[in-house]
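A structural walkthrough
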Amino acid sequence: MNIPTEKNLKRVIIIGAGFAGLQVAKKLRRDKYQVILIDKNNYHTFQPLLYQVATAGLEPDSIAHSIRNIIKKTKNFFFRLANVHYINTNKRKIYTNIGNIFYDYLIIATGSVTNYFGNKNIKLNALPMKSIPEALNLRSLILQDFESALLTNKIKEKKKLMTFVIVGGGPTGVELAGALAEMKKYVIPNDYPNLDHNYMKIHLLQASTRLLDGMSIKSAEHAYKSLKSLGVSIWLNCLVKDYNGEVISMDKNKYIETSNVIWAAGVKGALIKGFLTKDMKKNRLLVNSYLRTIRYKNIFAIGDIAFVKENENYPNGHPMTAPPAIQQGNYLVNNFNKLLFDNSKIMKPFIYNNFGSMATIGRNKAVCDFSFIKLKGFLAWIIWMFVHLVSLVGFRNRVIALTNWIIQYFHYNKSVRLIIRPFYRKKYLKSRF
Ligand SMILES: Cc1cc2nc3c(=O)[nH]c(=O)nc-3n(C[C@H](O)[C@H](O)[C@H](O)COP(=O)(O)OP(=O)(O)OC[C@H]3O[C@@H](n4cnc5c(N)ncnc54)[C@H](O)[C@@H]3O)c2cc1C
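Here the structure is a predicted model, which is why all the values come from computation and not from measurement.

What about the sheet that holds strand β9 (residues 105–108)?
Adjacent strands of a sheet pair through backbone hydrogen bonds, lying either parallel or antiparallel. Here we have five strands laid out as an open sheet, ordered β5-β2-β1-β9-β22, and parallel in their pairing. Edge positions in the sheet fall to β5 (77–81) and β22 (299–301), since each has one partner strand and no second. Within the sheet, the average angular offset between the axes of one strand and its neighbour, ignoring direction, is 15°. Of the strand pairs in this sheet, strand β2 (residues 33–39) and β5 are connected by five bridges, and their pairing is parallel.

Encoded structure:
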C-alpha cells in the first residue's frame, strides 16, 4: 500500500468513508496517530438523496464528494481506494485488493448493504438503490422504459413497462413513490406527449400495517393520504414472495405484472469476513457501549454496521440512519483524541440523542417528527429541504442542489433526464439501448 511505518505513532485504520467513518478521519489527532482511511469508492455518498438521482432530480455529483477533497489535514493521513475483504484479528491485519496492512487500532464503518432476505430471484431481478451506480441504473431504466413504451402498440407490454412497484414503505419507498408520481404528472406529458401517462402505475408495497414504521401514526397517515392523492396504489400487510422479472407475486395469491421492481425493503450490515457468529447480532457487529467489539480491544465499529448491545432504549440496535452514525463517529474520535483507550481512563458510554426523523412525499409535502413537535405539509417540506441541504458535504454541492430544486419548483421540470449509461437487464428483458 506504500504507507510508511511511524515508530512514534499508533496506526489507526478506518474502513469506510461514510457518515460515521468520515467524522473520525477528519478529526483524529495527527500528532498521536497515523490515520489511514480506506474506501472502495473515492467519494462519500449522501444516500438520503439517492432517490433524487434515480428520478432525474439531481445529478450524481451533487450528492457525492471526493474523499481526498474532504480531508484537508493531510499530515500523517493516507487515503487508499481499496476494497477490504478480510480482517485477520489475530495478526491485526486487513486484506484488500491492493495488498494488506497491519493496524494498532481498527475502526469498522462499512455501513450496510441491501437485504433481499435470501430471495435469489428478487436479488437477480429487482433493482436496489443503495449506491450512486445503482441510482443511475434506476434512472436509466425509468427513462428507457418510457422510450420503449413509446415504440410498442401492445397495451399489455406498454403497461408492464410503465408499471413501477416499490417494495418497502419506509422513508426511501415513500420518497421514491412520491417522486415517480410527480414524474407521471409533470414529465410524461411534457417529454412524451405521444405516451398516455395514464398507463403509468406506481405501487408501493409494505409488509406491515402502515407506512413509515419508525415515525408517528400521524405522519404515516399523512404520507398515506398524500401518496394516494398523487395516484400511488398502496398495499399494506403485503408480503412479497417472488419476482421473476415479469411478475411480482405476493401473499394471498396477488400479483402485479411489471418490468420494474425497486427493492427498498431493508438493509443489513456490510460485514467483512474474519469475525465469528458470536461477534455479530442481527447481521451487525456487536459492540459494547464504548463502541468496542466484544472480543477485540483494538477493534471498534460505528454507524450502520454496529449493534450496540445492552442498550435499553434500542434493544434492536440504533436506527440505521445518518444521525446515529455521525454521533457514534464523533463520540469515538473524542475518546481517541483524549487517549482514553490507551490509558484505560473512565469513559462515558455512548448515548444517542434522537432529534427526530423526517420524510418528503413530494412537492410541498413532507412529514417531520421531532421530539417537541410534529409537522406536515409545506413547512415540513421546507425544513426537510433545509436539513438535507446543510447536511450535504461541500459548498458546491449545496449550491447545485439548491439551484436545481428552485428551477424544478418553478418549472415543474426534472432537469437531468439523461440516459448517460444505458441499463441492461440481467436476464429477462434485453435493452434496446
Ligand atoms: C436510499 C437511502 C436513503 C436514505 N435516507 C436516509 C435519510 O433520509 N435520513 C437518514 O438519516 N438516513 C438515511 N439513509 C441511511 C443512511 O444513509 C445510513 O444510515 C448512513 O449512510 C450510515 O452511515 P455509515 O457511515 O454507517 O455507512 P455509509 O454511509 O453507508 O458508509 C459506508 C462506507 O463504507 C464503504 N465500504 C463498505 N464496505 C467496504 C469495504 N469492504 N471496503 C472498503 N470500503 C467499504 C462504502 O463505500 C461507504 O463509503 C438512507 C439510506 C439509503 C440507502
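What about the site of the ligand?
Residues in close proximity to the ligand total 29 residues, the closest being Ala20, Asp39, Gln47, Asp304 and Ala322. One of the side-chain nitrogen or oxygen atoms of Asn41 is found 3.4 Å away from an oxygen atom of the ligand. Separating an oxygen atom of the ligand from a backbone N or O atom of Thr321 is a distance of 3.2 Å. Protein contacts shield 89% of the accessible area of the ligand, which totals 990 Å² for the unbound molecule. Elements represented by at least two residues in the shell around the ligand include exactly α1 (19–27) and α9 (322–337). No other element matches the three residues that α9 contributes to the shell around the ligand. For the shell around the ligand, the per-class residue count stands at 14 nonpolar, 11 polar and four charged. Here the shell around the ligand spans two domains, and each of domain 1 (10–40 + 82–114 + 268–346) and domain 2 (120–265 + 363–432) adds at least three residues to it.

Side note on a nonpolar patch on the surface
A surface patch of nonpolar side chains, about 310 Å² in accessible area, is lined by Leu402, Ile406 and Phe410. Note on placement: Ile406 falls in helix α12 (residues 395–411).

Some points on the domain arrangement of the protein
When its domains are assigned, the protein resolves into domain 1 (10–40 + 82–114 + 268–346) and domain 2 (120–265 + 363–432). Between the C-alpha centres of domain 1 and domain 2 the distance comes to 33 Å.

Topic: empty space enclosed by the protein
It is a probe the size of a water molecule, rolled over the atoms, that shows where empty space is left. Following the criterion strictly, the structure yields two cavities of 30 Å³ or more and no others. Taken as a whole, the second largest cavity holds about 30 Å³ of empty space.

Let's talk about the packing of helix α11 (residues 378–391) against α12
Remark: α11 packs on α12, axes separated minimally by 9 Å, with the N-to-C direction vectors making an angle of 150°. Considering their axes alone, α11 and α12 lie roughly antiparallel with respect to each other. Along its contact with α11, which presents Phe378, Trp381, Trp384, Met385, His388, Leu389 and Val390, the element α12 presents Arg398, Ala401, Leu402, Trp405 and Tyr409. Its residues placed into classes, the contact of α11 with α12 shows 10 nonpolar, one polar and one charged.

What counts, and where the lines are drawn
Residues numbered from 1 in each chain as written. Predicted model: local features only at pLDDT ≥ 70, side-chain atom pairs only at ≥ 80, totals over all residues. Heavy atoms only, no water. Pairing = 2+ DSSP bridges. Helix = DSSP H or I, 4+ residues; strand = E, 2+ residues; numbered from the N terminus. Axes fitted to C-alpha atoms, helices over the stretch in contact; angles between N-to-C directions. Near = heavy atom within 4 Å. Polar contact = N/O pair within 3.5 Å; in protein donor to acceptor, adjacent residues only side chain to side chain. Areas by Shrake-Rupley, 256 points an atom, 1.4 Å probe, with all protein chains shown as cover. Nonpolar A, V, L, I, M, F, W, Y, C, P; charged D, E, K, R; others polar. Domains from an automatic or database assignment. Patch = residues over 30% accessible without salt bridge, like charges linked within 9 Å, V, L, I, M, F, W, Y side chains within 5 Å. Salt bridge = Lys/Arg side-chain N within 4 Å of Asp/Glu carboxyl O. 1 Å grid on protein atoms, 1.4 Å probe; cavity = no way out; pocket = protein on both sides within 12 Å on 5 of 7 lines; lining within 4 Å. Points joined across faces, edges and corners; volume = space filled by probe spheres on them. Parallel < 35°, antiparallel > 145°, perpendicular 65-115°, else oblique. Contact = heavy atoms within 4.5 Å.

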